[in-house]
Amino acid sequence: MVRCGAAVLRKYSNFIDDLRVYVRGGTGGMGYPNLGGEGGRGGDVWFVARERTTLKSIREKYPQKRFVAGTGANSSVKALKGEKGKDCEVHVPLGISVVDDDGKQIGELNAAGERFLAARGGLGGSLATNFLPCKGQRRTVHLDLKLIADVGLVGFPNAGKSSLLSKISHAKPEIANYAFTTIQPELGKIMYADYKQISVADLPGLIEGAHANKGMGHKFLKHVERTKQLLLVVDISGFQLSMKTQFRTAFETILLLTKELELYKEELVTKPALLAINKMDLPCAKDNLDELMTQLENPQDFFHLLEEEMIPENTLEFREVIPVSTYTGEGIEELKTCLRKSIDEQAEQVNEEYRKKKLLLLQTSTEEQMNRS
């Protein structure tokens, strides 16, 4: 049986993955009726993606969470065309979705330097407006962060994800013998001899019903969306959250994890996936592994042993299954090699698809030119 104290859960507030902010474009400048002068347009509010930025730092720097652009300059005898108001730029982390108060996504920022116009400035006064300026756009939006990583660690509490991340990368996540050790996402990087780096995200542990927002629920699952690949981490001896919940074998754990991903967003189970079988240093681990490998070869043959609601529509196809022990170090180097190979193969596949698409566009363009001539 495992317990999670209230003091541990409170620490989740140290990590922020959603921030509600108010944005307002600047008001335009006054027109000049006598000479037909036009006031300057109000400034715009922009969200700009920048590395090494966090939502927590935004909240600390701007506790009011209000961003207002400058007012446009009035038209005058010296300057009939007023200058535009000063833009307001807000630096946000990579992986931000901009969501309005109705829950509709209106923008996305995934790469450094990408920009999103959050609030447009108002027009300056002119003949069309009787020389009166217009107010800027104003609204409240949510900055919703979804971590971008090459690999996302997926597993039930106490599966050893934090220990595994500390073994394969330079990250130093909190590690302890209770269920919810990971109460906020942790990012680490695997460094290879040729200077290749792979980013790995250790995400809060799932529980049954996470798709319905139980436990960490959507706070965890939304971060899986932008990882390129999944690494399921499973305790070879099985898992039981508490005395009130049912014990699950390693095979059942894999199916439950798959089911939770599938129910949250079906396309998650189409991501490339690897499986790390942890705690191979425990007694009977070898026998349990042999049984699990037999079950994984033909999982449908064992579905009759499970409750119907546990069975996913589609089972994950694992590129590799690697037995490991974070206690003894068994399998750690093999796992790092497998992750590197899988990421490289995926990158090559993406490049090949891109080349084919460009070639097809080139051929289509050539054919169109020949038909016109």
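Residues numbered from 1 in each chain as written. Predicted model: local features only at pLDDT ≥ 70, side-chain atom pairs only at ≥ 80, totals over all residues. Heavy atoms only, no water.

K.L.:
Give a description of the overall build of the chain that names residues and reports values.
P.N.:
Along the backbone of the chain there are 7 helices and 14 strands. Burial status across the chain gives 47% buried among its 373 residues. For the chain, long-range pairs separated by at least 24 residues make up 72% of all intrachain contacts whose partners lie at least 6 apart in sequence. Accessible area of the chain: about 19,800 Å², with a carbon and sulfur share of 50%. (Helix = DSSP H or I, 4+ residues; strand = E, 2+ residues; numbered from the N terminus. Buried < 20%, exposed > 50% of the residue type's maximum accessible area, 1.4 Å probe, protein only. Contact = heavy atoms within 4.5 Å. Areas by Shrake-Rupley, 256 points an atom, 1.4 Å probe, with all protein chains shown as cover.)

K.L.:
So what's going on with the packing of helix α3 (residues 161-168) against helix α7 (residues 332-372)? Which residues, and what values?
P.N.:
For the pair α3 and α7, the least separation of the axes is 10 Å and the interaxial angle reads 80°. Between α3 and α7, the interaxial angle falls into the category roughly perpendicular. Residues Leu164, Lys167 and Ile168 of α3 lie in contact with α7, whose contacting residues are Ile332, Leu335, Lys336 and Leu339. Here the residues of the contact of α3 with α7 are counted per class, giving 5 nonpolar, no polar and 2 charged. (Axes fitted to C-alpha atoms, helices over the stretch in contact; angles between N-to-C directions. Parallel < 35°, antiparallel > 145°, perpendicular 65-115°, else oblique. Nonpolar A, V, L, I, M, F, W, Y, C, P; charged D, E, K, R; others polar.)

K.L.:
Can you explain the sheet that holds strand β5 (residues 96-100)? Please cite residues and give values.
P.N.:
One open sheet accounts for 5 strands, arranged β3-β1-β8-β5-β6; its pairing is mixed. Strand pairing shows two members of the sheet lacking a second neighbour, β3 (66-68) and β6 (105-109), which therefore form its edges. Ignoring which end each strand starts from, the neighbouring axes of this sheet average 25° apart. In this structure, β5 lies alongside strand β8 (residues 138-145), joined through 5 bridges in antiparallel fashion. Bridge pairing in β8 places valine 99 opposite histidine 142. (Pairing = 2+ DSSP bridges.)

K.L.:
Explain unusual backbone geometry to me, and be specific about the residues and the numbers.
P.N.:
Backbone geometry places lysine 279, a non-glycine residue, at a positive phi of 65°. For lysine 279, the position within the fold is in the loop between β13 (273-278) and α6 (285-297).

K.L.:
I'd like a rundown of the pairing of strand β12 (residues 227-235), residues and numbers included.
P.N.:
With 8 of 9 residues buried, β12 is to be regarded as a mostly interior element. Note: strand β9 (residues 149-154) against β12, 5 bridges, orientation parallel. When the bridges of β12 are listed, valine 151 appears paired with glutamine 229. In the sheet, β12 pairs with β13 via 6 bridges, with the strands oriented parallel. In the strand pairing of β13, leucine 232 is matched with leucine 275.

K.L.:
Please provide a residue-by-residue account of the nonpolar core, values included.
P.N.:
Grouped together as the largest cluster of nonpolar side chains are 58 residues, with contacts concentrated most on Val45, Phe47, Leu143 and Leu232. Considering every element that reaches this core, the biggest residue donor is helix α5 (residues 250-264), with 7 residues. Non-local contacts of leucine 143, meaning those with residues more than four positions away in its chain, are made with Asp17, Asp18, Leu19, Val21, Phe47, Leu55, Val92, Ile96, Ser97 and Val98. In terms of nonpolar packing, the next biggest core, distinct from the first, is built from 21 residues, Ile168, Ile198, Leu231 and Ile322 among them. (Core = buried A, V, L, I, M, F, W, Y, C linked by side-chain atoms within 4.5 Å.)

K.L.:
Any chance you could break down the packing of aromatic side chains for me, citing the residues and the numbers?
P.N.:
Scanning all chains against the criterion turns up 4 aromatic pairs. Measuring from ring centre to ring centre gives 6.4 Å for phenylalanine 47 and phenylalanine 116, while their planes differ by 20°; the resulting arrangement is stacked. Of this pair, phenylalanine 47 sits in strand β2 (residues 45-49) while phenylalanine 116 sits in strand β7 (residues 115-119); the two residues are 69 residues apart in sequence, bridging distant segments of the chain. Between phenylalanine 251 and phenylalanine 302, the ring centres sit 6.1 Å apart and the planes meet at 70°, which makes this aromatic pair edge-to-face. Taken as a pair, phenylalanine 251 in helix α5 and phenylalanine 302 in the loop between α6 and β14 (318-323) lie far apart in primary sequence, 51 residues in all. In this structure phenylalanine 251 comes out as buried when scored by relative accessible area, which is 3%. In this arrangement the basic side chain of arginine 115 is found over the ring face of tryptophan 46, its NZ or CZ atom lying 4.6 Å from the centre. Taking NZ or CZ as reference, arginine 340 lies 5.2 Å from the ring centre of tyrosine 192, over its face. (Phe/Tyr/Trp six-rings, centres within 6.5 Å; stacked < 30°, edge-to-face > 60°. Lys NZ or Arg CZ within 6 Å of the ring centre and 35° of its normal.)

K.L.:
So what's going on with the pattern of salt bridges? Which residues, and what values?
P.N.:
In this structure the tally under the stated criterion is 22 salt bridges. Between lysine 84 and aspartate 44 there is a salt bridge whose closest N-O contact spans 3.5 Å. Of this pair, lysine 84 sits in the loop between β3 and β4 (88-92) while aspartate 44 sits in the loop between β1 (18-24) and β2; the two residues are 40 residues apart in sequence, bridging distant segments of the chain. One salt bridge connects glutamate 225 with lysine 265, and the closest N-O pair in it is separated by 3.0 Å. Placement of the pair is glutamate 225 in the loop between α4 (218-224) and β12 and lysine 265 in the loop between α5 and β13, with a sequence separation of 40 residues. On the basis of relative accessible area, lysine 265 is assigned to the partly exposed category, the value being 28%. Taken together, the shared-partner salt bridges connect Arg41, Asp44, Lys84 and Asp87 into one network. (Salt bridge = Lys/Arg side-chain N within 4 Å of Asp/Glu carboxyl O.)

K.L.:
Outline a nonpolar patch on the surface, supporting the account with residue identities and numerical values.
P.N.:
A cluster of nonpolar side chains, contributed by Leu35, Val77 and Leu80, occupies part of the molecular surface with about 270 Å² of accessible area. Position of leucine 80 among the secondary structure elements: in the loop between β3 and β4. (Patch = residues over 30% accessible without salt bridge, like charges linked within 9 Å, V, L, I, M, F, W, Y side chains within 5 Å.)

K.L.:
Please set out the packing of α5 against α6 residue by residue, giving values where relevant.
P.N.:
α6 packs onto α5 with a crossing angle of 40° between their chain directions and a minimal axis gap of 9 Å. Looking at the two axes, α5 sits oblique to α6. Contacts between α5 and α6 pair Ala250, Phe251 and Ile254 from the former with Leu292, Gln295 and Leu296 from the latter.

Note that all results are geometric; they support no functional claim without further evidence.
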